Amino acid sequence: MAVCIAVIAKENYPLYIRSTPMESELKFHYMVHTSLDVVDEKISTMGKALVDQRELYLGLLYPTEDYKVYGYVTNSKVKFVMVVDSSNTALRDNEIRSMFRKLHNSYTDVMCNPFYNPGDRIQSRAFDSMVTSMMIQVC
């Protein structure tokens, strides 16, 4: 079950963060921000390979006792971070990859909106409902 989905700008400030359990929202914000160090490290070590292969999916960033944190980076260096409940063993790497592609497509739709200013927080109802459906679908 996905418990948190975040979109982080190129300059490492959050554009969108959504988590399911409200009582531990701060913990998920902390997890997302600590994962940015791992994302930057993976991008710098795999930088040329990412450009050559067009591989945007970073895979498992790090596991914790209760959660697994996955990462994805766009060509414009916008980062997507997904925190998944580690008790869900049925969730495979291909499913995580397809969820990130779906998230990237929806993010692209937000960017194509002429009324959206790049760099502002994402406040699109369509994007929010897509993220909510992704979180429910994985449950």
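Everything below is about the structure printed above this text.
Reading the values: rules and limits
- Residues numbered from 1 in each chain as written.
- Predicted model: local features only at pLDDT ≥ 70, side-chain atom pairs only at ≥ 80, totals over all residues.
- Heavy atoms only, no water.
- Pairing = 2+ DSSP bridges.
- Helix = DSSP H or I, 4+ residues; strand = E, 2+ residues; numbered from the N terminus.
- Axes fitted to C-alpha atoms, helices over the stretch in contact; angles between N-to-C directions.
- Contact = heavy atoms within 4.5 Å.
- Buried < 20%, exposed > 50% of the residue type's maximum accessible area, 1.4 Å probe, protein only.
- Core = buried A, V, L, I, M, F, W, Y, C linked by side-chain atoms within 4.5 Å.
- Expected span 1.5 Å × (residues − 1).
- Arc of directions from axis to C-beta.

Visitor: Summarise the sheet that holds strand β2 (residues 14-19); cite the residues concerned and give the values.
Guide: By definition, the strands of a sheet pair up through backbone hydrogen bonds, in either a parallel or an antiparallel sense. The antiparallel open sheet is built from five strands, whose spatial order is β2-β1-β5-β4-β3. Of all the strands in the sheet, just β2 and β3 (57-63) have a single pairing partner and so form its edges. The average undirected angle you get between the axes of adjacent strands in this sheet is 15°. With six bridges joining them, strand β1 (residues 2-8) and strand β5 (residues 79-85) adopt antiparallel strand pairing. Residue I5 lies in a different strand from β5, and its bridge partner there is M82. Together, β1, β2, β3, β4 (67-73) and β5 form the strand contacts of helix α2 (residues 93-111), whose direction differs from that of β5 by roughly 140°.

Visitor: Can you tell me about unusual backbone geometry, naming the residues and giving the values?
Guide: Located in the positive-phi region is N12, a residue other than glycine, with phi close to 65°. Counting through the fold element by element, N12 comes out in the loop between β1 and β2. The partly exposed category is assigned to N12, whose relative accessible area is 29%. Located in the positive-phi region is K77, a residue other than glycine, with phi close to 70°. By secondary structure assignment, the location of K77 is in the loop between β4 and β5. Classification of K77 by relative accessible area gives partly exposed; the value is 37%.

Visitor: Could you give an account of the nonpolar core, naming the residues involved and the relevant values?
Guide: Core analysis: the largest hydrophobic core is formed by 28 residues, its most contacted members being V7, M82, F100, L103, I122 and F127. Counting only elements with at least two residues in this core, the list comes to β1, β2, β4, β5, α2 and α3 (125-138). For this core, the element with the highest residue contribution is α2, accounting for six residues. The residues contacting M82, other than those within four sequence positions of it, are A2, C4, I5, K68, V69, Y70, I96, M99, F100 and M134. Counting residues in each nonpolar core, the second largest holds 19 residues, with F28, M31, L58 and L61 among its members.

Visitor: For α2, give the residues involved together with the corresponding values.
Guide: One full turn of an α-helix is made of 3.6 residues, so residues set three or four places apart face in the same direction. Taking 1.5 Å of rise per residue, the 19 residues of α2 would be expected to cover 27 Å, and the 27 Å separating its terminal C-alpha atoms lies within 8% of that figure. Listed in full, the buried residues belonging to α2 are I96, M99, F100, L103, H104, S106, Y107 and V110. Buried residues of α2, viewed axially, fall in a sector of 170°; they line one side. Of the exposed residues in α2, the ones pointing more than 90 degrees away from its buried face are N94, N105 and D109.

Visitor: Provide a residue-level description of the side chain of S19, including the pertinent values.
Guide: Positionally, S19 belongs in strand β2. Here S19 is in contact with V3, C4, E25, F28 and M135, once residues within four sequence places are set aside.

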